[in-house]
Amino acid sequence: MDEPCLINNLADELLSLILLFLVAETEEALNGYRYRHEYLIPVNDAGFPKGEKSDLDRYRLVCTRFMRIATPWKFRHFTLSHIRYFTYMVRPSYQGPDWENFLDVLDDISLSKIHRVRLADQKHLTENSSDLAALKKAMAAFSSLQQIKLLRLQDQADEKIMDRARRSNANHGLYLDWEPACSRAVQNLGIALLGSACHSVRFFGPQISPKASMKLLDIPDLAVSSLAERLTCLDVSFQSAQDMTSVMAGLSGVFGKFFLAAKNLITISVGFPANNPVSLPLENIFNHHYWPRLRYLGIQGWKLDSAEIIAIVRRHRTRLRELRIPYVYLGEGSRWRDVLSVLRDEMEQLENVDLQHIDYAFHFDSEVIHGIEIPPGHTTDEEDEVLYENERNEDTDSWSVVSAHHSQSETSGSETHHQPMQALSLQELSLLSADELGDNGMYVKREHWSMWEKWVVSRGALIQQNQIPSIRLDLNAEKERKERKEGRKRKDEEKQKMATTETDSEPTPDSQINHASAIAYWTSVSANVNGMLGGYPQISYIDLRGSASFLSKLRRLQLVGDKQHKMLKRGVDCGAGIGRVTEGFLSKVCEVVDIVEPVAKFAEVVRDGPLGKSGKNLVGDVYVSGLEDWVPEDGKKYDLVWNQWCVGHLTDAQLTEYLKRAAAALTDSGLIVLKENVSTDINGKDYFDATDNAVTRAEGKFRQIFKQAGLRLVKSEEQLGFPKQLGLLPVKFFALRPDLNSKPKENME
């Protein structure tokens, strides 16, 4: 059941409307009586200890906020110079050529009369610019103005007329449009504010049209800078039924100039619709600026990488006190635990954080695809229970406190605690590490929102409660526990290392590989996506998207390619199959892609099919060869050597030699990428699958082979988003390049 809405939670504008009815219904009489609903009620001064003579007086005595709202009603000749809060309420514009005739034939006379008056007002305002003149006069008089709020004003009469217009056969494009009204209001407010003496103004716009922002393009840079300097708060939410990504991207330069000049901002909040988030880099709006006075930051309705959020909060880590990021969805490869860790450990004054309805972009998109509506406001408990019931049943670890990693990451044999996070005290919650918060990298559960908020600020809250001494003792115990855990892990690694070097009668998994049997198996498989993915064609899109995301991160980190060229010159798809990866991913990032494929019928699909005959010369040379035999041509260099679900058919020795040959064929900025299944064996062992004659290696074995091949691991990452119910193995990316040092060092993020 929803909590009741108390009157003090209502907006100032609603309280003013309530007060309007109160004043209209109750008027003082000269003879000591007042009239309410035509009843005469005697006034008893003894019942009013403060000497109140009206309901208005008592309203003003409720609290400071009510007094501020009611004072202009009490003193009708209130001095304008004392006005501090100004709300500009604007109606949507009448759009369409024939509103007069439509209102003439309307059968509802009272409704027609209301809209005739409003339509006449709109014409008068637009033709004579009387709205701008009134705003200039008001701003000039409001010398103490501190806050401006722009609101959309729409009542039942507007809803009725729109319903009539939609149902009318004579409707010739008649509608009420907020965008032109909002654009005009924003422009006029800016002009009026520039012509006033008002400084240190807070601006709130909860329903701004994106087209209104485009008016900034018509304003001279000097005027934009002057306007920005006057603001201490910018709190805007953009509303549109269309995707706003491209529109907002086009305004990046204007926002850059605006925020550069807005050095006095204490509060910044920029939001987009929760059900229509923008896929826009954060810095396209904020342009890497630093605001020395910033205390409150809000971001809503955005698809972002964790690194983007971390970057902006780190710039303001010494002063930021409140962070609001509801309805923010992280992209593939990003983890909320990384963001939470920075917020908790690096922010010096953070007191409050809003994480309501955060999630992962893939989960959000999958809900939209399957027709699940994402509401713009908070859902009820019952709705959330329905949305997440299946996820709770599938993954209980993600909402309990556990000391081991998630099932798709490294799993230790340490003791596991299944105590619900909700049952933890603030002190116990503060002792959890970021890895123990239940972040599975695929979706965020409802119960995590509030618990993660508490975890982020738990340390600061305990400092205020003077509970630091007991925490230090617990931290020491936690430190000892982690040391014991690391000690056990080192012993396990030593045992695994010894196990891999032991030679006994049992054959090693890779020694059982038979290339002829592997070729025979794949020749029997259908030459389509279903065959390539072992009967799971539904994961193809997720897989390709994850690969594109990983390469994009490598490009941003300048680990592959160069800034001068958007596309990589030449890549090679090793173990290409029918060219699924080339067509869906590599052809979009490389100018030319060579193909290496040992199964002849698959190579023919690439060479003779739509991909090879597209006329775009995307496919370069096609080598019908196994990787164990393939030798790159002399003089041919690759920016990207992509290997996916194929090196399991090579023995350890063959894989080592193949990687050496591939490394020799790289350009100076080139990379080798392996995307492979990883063994989940608790002892870190490889295992052999006789079905397709392939080995699934443990991550430790991969690292050992990389080192032997003289390669350095520059970045690795787990592929996320595969449906858990399919029971697939973990899949990891490994980005490699030749190690120029004698002792290779891994640079892992």
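Residues numbered from 1 in each chain as written. Predicted model: local features only at pLDDT ≥ 70, side-chain atom pairs only at ≥ 80, totals over all residues. Heavy atoms only, no water.

Note the cut-off: UniProt positions are given in the numbering used here, feature names are shortened, and annotations may be inferred rather than shown by experiment.
As recorded in an unreviewed UniProt entry, the chain goes by Alpha N-terminal protein methyltransferase 1 and comes from Talaromyces islandicus. What UniProt states about the chain under its Sequence similarities (unreviewed entry) heading is, verbatim, "Belongs to the methyltransferase superfamily. NTM1 family."

1. Describing the overall build of the chain
To be explicit about the condition: Only DSSP runs of H or I with at least four residues qualify as helices, and only runs of E with at least two residues qualify as strands; both kinds are numbered from the N terminus onward. Here the term buried applies to any residue with accessible area under 20% of the maximum for its type, exposed to any over 50%, and partly exposed to those in between, with areas from a 1.4 Å probe on protein chains only. Working rule for contacts: check all heavy atoms of both residues, and any pair within 4.5 Å makes them a contact. Per-residue and other accessible areas were derived by the Shrake-Rupley procedure at a 1.4 Å probe size, with only the shown protein chains allowed to occlude residues.
Scanning the chain from N- to C-terminus turns up 27 helices and 27 strands. Evaluated residue by residue, the chain yields a buried proportion of 46% over its 749 residues. Within the chain, counting contacts between residues at least 6 apart in sequence, those at least 24 apart form 76% of the total. Carbon and sulfur atoms provide 52% of the accessible area of the chain, an area that totals close to 38400 Å².

2. Some thoughts on the side chain of D131
Our working rule: Whenever two N or O atoms come within 3.5 Å, that pair is a polar contact, provided that in protein one can donate a hydrogen and the other can accept it, and provided that, for residues adjacent in sequence, both atoms are side-chain atoms.
By the secondary structure assignment, D131 is in helix α6 (residues 130-141). Take D131: its relative accessible area is 9%, and that puts it in the buried class. Side chain to side chain, D131 and R184 meet in a polar contact 2.7 Å long. Those residues in contact with D131 that sit more than four places away from it in its chain are Y88, L125, R184 and N188.

3. Regarding the confidence of the model for the chain
Threshold: The score called pLDDT rates the predictor's confidence residue by residue, from a low of 0 to a high of 100.
Here the chain averages 80 in pLDDT, and 78% of its residues register 70 or above. Of all the helices and strands in the chain, strand β3 (residues 39-42) carries the lowest mean pLDDT, 38, while strand β22 (residues 638-644) carries the highest, 97. Confidence over residues 25-46 falls short of pLDDT 50; this stretch has 31 contacts with residues more than four positions distant or in other chains. Below pLDDT 50 for its whole length, residues 468-475 participates in nine contacts with residues either more than four positions away or in separate chains.

4. As for the environment of Q146
Here Q146 lies in the loop between α6 and β6 (147-152). Once the C-alpha coordinates of Q146 and L231 are considered, the two residues, 85 residues apart in sequence, prove to be 9.4 Å apart. With near-sequence residues (within four places) excluded, Q146 lies in contact with R84, Y85, S200, V201 and R202.

5. Regarding a nonpolar patch on the surface
For clarity, the cut-off: A patch consists of residues exposed above 30% relative accessible area that lack any salt bridge, with like charges linked at up to 9 Å and nonpolar side chains (Val, Leu, Ile, Met, Phe, Trp, Tyr) linked at up to 5 Å. Every case where a carboxyl oxygen of Asp or Glu lies within 4 Å of a side-chain nitrogen of Lys or Arg is listed as a salt bridge.
Together, L14, L17 and L20 make up a nonpolar patch on the protein surface, roughly 260 Å² of accessible area in all. With respect to the helices and strands, the residue L14 is situated in helix α1 (residues 12-25). Relative accessible area serves as the criterion here: at 43%, L14 is assigned to the partly exposed category.

6. Observations concerning the packing of aromatic side chains
What counts, and what does not: When two rings of Phe, Tyr or Trp (its six-membered ring) have centres within 6.5 Å they constitute a pair, described as stacked for plane angles under 30 degrees, edge-to-face for angles over 60, and tilted for the intermediate range.
What the rule picks out here adds up to 22 aromatic pairs. With 5.7 Å between their ring centres and 50° between their planes, F86 and F142 make a pair best called tilted. Note that F86 is positioned in strand β4 (residues 85-90) and F142 in the loop between α6 and β6, a separation of 56 residues in sequence. For the pair F86 and F142, a shared accessibility class is recorded, and that class is buried. By way of ring pairs, the aromatic residues F238, F255, F258, F259, F272, F286, W291 and W302 are connected into one cluster.

7. Describing the pattern of salt bridges
Inspection of the entire model under this criterion finds 31 salt bridges. Close ionic contact of D543 with R580 constitutes a salt bridge, the shortest N to O distance being 2.9 Å. With D543 in helix α23 (residues 540-556) and R580 in helix α24 (residues 580-584), the pair connects residues that are 37 residues apart, well separated along the chain. Exposure remark for R580: the relative accessible area of 10% places this residue in the buried category. For R697, the salt bridge goes to D652, with nearest N and O atoms at 3.0 Å. Placement of R697 in the loop between β25 (694-696) and α27 (699-708) and of D652 in helix α26 (residues 652-664) is noted, with a sequence separation of 45 residues between them. Residue D652 is classed as buried on the basis of its relative accessible area of 16%.

8. Quick word on the sheet that holds strand β14 (residues 328-330)
What holds strands together in a sheet is hydrogen bonding between their backbones, with the strands either parallel or antiparallel. Just so we agree on the cut-off: Following DSSP output, two strands are said to pair if at least two bridges run between them.
Here three strands make up an open sheet; going across it, the order is β12-β14-β16 and the pairing parallel. Two strands lie at the open edges of the sheet, namely β12 (302-304) and β16 (359-360), each paired on one side alone. Across three bridges, the pairing between β12 and β14 is parallel. In the sheet register, L304 faces β14, and the bridge partner there is L330.

9. Notes on the pairing of strand β21 (residues 619-623)
Rules: By convention, orient the strands away from the viewer: a clockwise path from the first strand over the helix to the second makes the crossover right-handed.
Note that strand β20 (residues 590-596) and β21 share three bridges and pair parallel. The residue bridging V593 from the neighbouring strand is V619, located in β21. In this fold, β20 hands off to helix α25 (residues 600-608), which returns the chain to β21; that crossover is right-handed.

10. A look at the sheet that holds strand β27 (residues 731-738)
Under the convention used in this document: Axes here refer to lines fitted to C-alpha atoms; in helices the fit is confined to the stretch in contact. Angles between the N-to-C directions go from 0 to 180 degrees.
As summarised here, the arrangement of the seven strands in space is β21-β20-β19-β22-β23-β27-β26, forming an open sheet in which the pairing is mixed. In this open sheet, the two edge strands, each paired with only one partner strand, are β21 and β26 (711-718). Taken pair by pair, the neighbouring strands of this sheet meet at an average axis angle of 20°, ignoring direction. Bridge count for strand β19 (residues 568-574) against β20 is six bridges, and the pairing is parallel. In the sheet register, L568 faces β20, and the bridge partner there is C590. Strands in contact with α23 are β19, β22, β23 (666-677), β26 and β27; relative to β26, the strand with the most contacts, it is inclined by about 130°. Against the sheet, α27 makes contact with β23, β26 and β27, and its axis sits at roughly 10° relative to β27, the strand it touches most.

11. Quick look at helix α10 (residues 221-229)
Operational definition: Starting at the helix axis, one direction is taken to each C-beta atom, and the arc is that of these directions.
Listed as buried for α10 are A223, V224, L227 and A228. Angularly, the buried residues of α10 cover 135° about the axis, an arc narrow enough to put them on a single face. In the core, the buried residues of α10 are packed alongside α8 (178-194), β9 (231-238) and α12 (252-261).

12. Examining the nonpolar core
Heads up, the rule is: Remark: nonpolar core denotes a set of buried residues (Ala, Val, Leu, Ile, Met, Phe, Trp, Tyr, Cys) joined through side-chain atoms within 4.5 Å.
The biggest cluster of nonpolar side chains holds 85 residues, and the ones touching the most others in it are F259, F286, W302 and W336. Of all the elements, α8 adds the most residues to this core, at seven residues. In this view, F259 contacts L234, L265, I268, I285, F286, H289 and W291; residues no more than four positions away in its chain are not counted. One finds V572, V596, L659 and L711 within the second-largest nonpolar core, a separate group that totals 28 residues.

13. Focus on the environment of E179
Secondary-structure assignment places E179 in helix α8. The sequence separation of E179 and S93 amounts to 86 residues, and the corresponding C-alpha distance is 8.1 Å. When sequence neighbours within four positions are dropped, the list of residues in contact with E179 reads S209, K211 and S240.

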